[in-house]
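Letter by letter, the chains look like this.
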Amino acid sequence: MASLHPAPGDFLLATCQGGAEAALVERQRVVLPGLVKAAWRRGMVTFRVPAGMPPPTPADVERLVFARTVVHSCGQVTGPDAGSLAARVHTLVGGHDWGEVHVWNRDPRAEGDPGAIRAAIIAALEPARRRAIESGAARARRGPLVLDCMVDSAERWWVGWHVADGPSRTWPGGIYPAVLPAGKASRAWLKLDEALATFGIDLVPGTRAVELGAAPGGACQRLLEAGLVVVGIDPALVDEHVARHPRFEQWRMRARDVRLKQLRGFDWVVADMNIDPTSTLAALERVVMAPGRPPHGIVATLKLPNWARAADLPGWLARVTGWGYVARARQLSTGGREICVVAERLAVSRRPGRARRRTGR
Ligand SMILES: C[S@@+](CC[C@H](N)C(=O)[O-])C[C@H]1O[C@@H](n2cnc3c(N)ncnc32)[C@H](O)[C@@H]1O
């Protein structure tokens, strides 16, 4: 009889954007100082969990920011072909109540075919479990047990497991599975889409959003599609389809040149400017401190001029928290060398009329 969960084991495997490994370790030293760095390759770091230390909670994993996913590592399998590797995967992890199999390449340039490898791993399962995964029945359950396989090369796979206890934990390797639909003004559409999915943000139609750094307009387009009334601030021109939208208005200027009283009354402030994070935070602060009620939420991209600046993250998050927000952050899989900060004020209605009554400053 298969047991429900494998034992947590002594090692965790964390994946990240290629190049973000040092930033991830820096962050681990801040939020999970008990872990000990072990193996390190492009796109992944493993950590040893010392005896007696409880495994990280989903909240701990989220606070790692640069980790796309963190799984309990069972080790590696090596072999000449997918069939023999798949058999070794099951020997290594044993029989459990697997609800899903996640396969992804450690390096996007790798030669592995995740779809074929997933099929080989599922084919090597006992028939009842195979049927449960193939039918998608287990996926419908909240928090199914996931068998993880990170493909290092055609002959070497890393194997582990996790419980799919949050949106990004249902995506293989924590990589957002959506692709940019045709007709969008920029990739920022997909970045905002990933941010909304990751943090479970419900945008309420009719609410007002302002974006600082709006051109060419993908993020504004995503907000408009959610039914919001949008102002885009940017000296550069926004895509003509976005510009013509009846619920859109562009203010062609730099964020700091907008008068404070014009910044009042927004429910959401989005920022995606290619400037230093401290300048982005200063621009956001003007919106938050504008007269009237503060925005309910913030979705901000902080661009890192170099990876070393990731060390400033605790101070940036503390600044947002100091404005009266609960701040969360993640390096999105659809973004570049940048961090997405999402912050929401607690106990504030997002319905346009009620929000005004309940949030006066
Ligand atoms: C990465 S792009 C923004 C992409 C955009 N969010 C989208 O959805 O397509 C960065 C933008 O920031 C704008 N920008 C840079 N500094 C700015 C400032 N001080 N005020 C407003 N916009 C600024 C640039 O003109 C540029 O269009």
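These figures come from a predicted structure and were not determined experimentally.

K.L.:
So what about the overall build of the protein chain? Which residues, and what values?
P.N.:
In terms of helices and strands, the protein chain carries 12 helices and 14 strands. Whereas a compact globule of 361 residues would reach a radius of gyration of roughly 21 Å, the protein chain reaches 22 Å, a difference of no more than 12%. With respect to the principal axes defined by its C-alpha atoms, the protein chain has extents near 65 × 40 × 35 Å. Looking at the protein chain as a whole, 45% of its 361 residues are labelled buried. Sequence-distant contacts, at least 24 apart, represent 65% of the contacts inside the protein chain between residues at least 6 apart.

K.L.:
I'd love a proper account of the sheet that holds strand β10 (residues 248–251), names of residues and values included.
P.N.:
Pairing in this open sheet of 7 strands is mixed, and the strands run β10-β9-β8-β11-β12-β14-β13 from one edge to the other. The sheet is open, and its two borders are formed by β10 and β13 (326–330), each paired with just one other strand. Across this sheet, the average inter-strand angle for adjacent strands is 15°, counted without regard to direction. The strands that helix α8 (residues 218–225) touches are β8 (208–212), β9 (229–233), β10 and β11 (268–271); relative to β9, the one it contacts most, it runs at about 170°. Helix α11 (residues 313–322) contacts β12 (297–303), β13 and β14 (338–344) of the sheet and is inclined by roughly 145° relative to β13.

K.L.:
So what's going on with the site of the ligand? Residues and values would help.
P.N.:
Looking at the ligand, there are 21 residues lining it, with Ser 186, Ala 188, Gly 213, Ala 219 and Asp 272 nearest. For the shell around the ligand, a count of residues per class yields 13 nonpolar, 5 polar and 3 charged.

K.L.:
Which residues make up the environment of Arg 244, and what values go with them?
P.N.:
Considering the arrangement of structural elements, one finds Arg 244 in the loop between α9 (240–243) and β10. The class for Arg 244 is exposed, based on 9 C-beta atoms found within 10 Å.

K.L.:
Describe the packing of helix α7 (residues 188–199) against α8, naming the residues involved and giving the relevant values.
P.N.:
Across the interface, α7 lies against α8 with an axial gap of 6 Å and an inter-helix angle of 50°. It follows from the interaxial angle that α7 and α8 lie oblique. Remark: the crossing between α7 and α8 carries right-handed chirality. Here Ala 188, Trp 189, Leu 192 and Asp 193 of α7 come into contact with α8, specifically with Gly 218, Ala 219, Gln 221 and Arg 222. Residue composition of the contact of α7 with α8, by class: 4 nonpolar, 2 polar and 2 charged.

K.L.:
Give a description of α7 that names residues and reports values.
P.N.:
Think of an α-helix as turning once every 3.6 residues; residues three or four places apart then point the same way. Under the 1.5 Å per step criterion, the end-to-end length of α7 is 16 Å for 12 residues, consistent within 8% with the ideal 16 Å. Counting buried positions along α7 yields 10 of 12 residues, so the element is predominantly enclosed. Restricting attention to buried positions, one finds in α7 the residues Ala 188, Trp 189, Leu 190, Lys 191, Leu 192, Asp 193, Glu 194, Ala 195, Thr 198 and Phe 199. Backbone geometry just after α7 places Gly 200 at a positive phi near 60°.

K.L.:
Tell me about the nonpolar core, and name the residues and values.
P.N.:
By size, the foremost hydrophobic cluster in this structure holds 99 residues, and its most contacted members are Ala 14, Cys 149, Ile 298 and Val 341. Of the residues that make up this core, three or more belong to each of domain 1 (11–174) and domain 2 (188–358). If near-sequence neighbours (up to four positions away) are discounted, Val 341 is found in contact with Ile 298, Ala 300, Leu 302, Leu 317, Val 320, Ala 327 and Ala 329.

K.L.:
Quick one: what's the story with the domain arrangement of the protein chain, residue by residue and with numbers?
P.N.:
Here the domain parsing of the protein chain yields domain 1 (11–174) and domain 2 (188–358). Among the elements that line the side of domain 1 that touches domain 2, the one with the most residues is helix α1 (residues 21–31), at 4 residues. A per-class count over the side of domain 1 that touches domain 2 returns 7 nonpolar, 4 polar and 3 charged.

K.L.:
If you had to explain the sheet that holds strand β5 (residues 98–105) to someone new, which residues and values would you point to?
P.N.:
The mixed open sheet is built from 7 strands, whose spatial order is β2-β3-β1-β4-β7-β6-β5. A single partner strand is all that each edge strand has here, and the edge strands are β2 (36–41) and β5. Put simply, the sheet's adjacent strands are angled 35° from each other on average, direction ignored. Direction of pairing for strand β4 (residues 69–78) relative to strand β7 (residues 156–163): antiparallel, over a ladder of 6 bridges. In the strand pairing of β7, His 72 is matched with Trp 161. The strands that helix α3 (residues 82–93) touches are β4, β6 (145–153) and β7; relative to β4, the one it contacts most, it runs at about 120°. Packed on one face of the sheet, helix α4 (residues 114–123) meets β5 and β6 and runs near 145° to β5.

K.L.:
Lay out the environment of Ile 233 in plain terms, naming residues and giving numbers.
P.N.:
Along the polypeptide, Ile 233 turns up in strand β9. Here the alpha-carbon distance between Ile 233 and Phe 66, two residues 167 residues apart in the chain, equals 29 Å. If we ignore the near neighbours within four places in the chain, the residues touching Ile 233 are Val 210, Glu 211, Leu 212, Ala 214, Trp 251, Met 253, Ala 255 and Val 258.

K.L.:
Tell me about α8, residues and numbers included.
P.N.:
Of all the 8 residues making up α8, 7 are buried; the element is thus mostly covered by neighbouring parts of the structure. Of all the residues in α8, the buried ones are Gly 218, Ala 219, Cys 220, Gln 221, Arg 222, Leu 223 and Leu 224. Looking at the buried positions of α8, the neighbouring elements they touch are α7, β8, β9, α9, β10 and β11. Once α8 finishes, Gly 227 follows within two positions and takes phi at roughly 95°, a positive value.

Conventions we followed
All chains use their own residue numbering, which begins from 1 and follows the written sequence. Whole-chain, interface and lining totals are the exception, using all residues; otherwise, since this is a predicted model, local features are given only for residues with pLDDT of at least 70 and side-chain atom pairs are given and counted only at 80 or more. Secondary structure elements are defined from DSSP: runs of H or I of at least 4 residues count as helices, runs of E of at least 2 residues count as strands, and each element is numbered from the N terminus. C-alpha atoms define the radius of gyration, and 2.2 Å times the number of residues to the power 0.38 defines the globule rule. Partly exposed residues are those whose C-beta has more than 12 but fewer than 20 other C-beta atoms within 10 Å; 20 or more makes a residue buried and 12 or fewer makes it exposed, with C-beta atoms placed from the backbone. This entry defines residue contacts through backbone-placed C-beta atoms, with two residues in contact when those atoms are within 7 Å. Being paired, for any two strands, means DSSP has found at least two bridges between them. Note on definitions: angles span 0 to 180 degrees between N-to-C directions of axes, and those axes are lines fitted to C-alpha atoms, for helices only across the stretch in contact. Using a C-beta atom placed from the backbone for every residue, we mark a residue as near a molecule or strand if that atom lies within 6 Å of it. For this scheme, ten residues count as nonpolar: Ala, Val, Leu, Ile, Met, Phe, Trp, Tyr, Cys and Pro. Four count as charged, namely Asp, Glu, Lys and Arg, and the remainder, Gly too, count as polar. When an angle is under 35 degrees it counts as roughly parallel; over 145 it counts as roughly antiparallel; between 65 and 115 it counts as roughly perpendicular; any other value is oblique. Each helix crossing is assigned a hand: it is left-handed if the near helix lies turned anticlockwise from the far helix by less than a right angle, otherwise right-handed if that turn is clockwise. Multiplying 1.5 Å by the residue count of a helix minus one yields the expected span of that helix. Residues of type Ala, Val, Leu, Ile, Met, Phe, Trp, Tyr and Cys that are buried and joined through C-beta atoms within 7 Å form what is called a nonpolar core. For the domain bounds, the source is a domain assignment made automatically or taken from a database.

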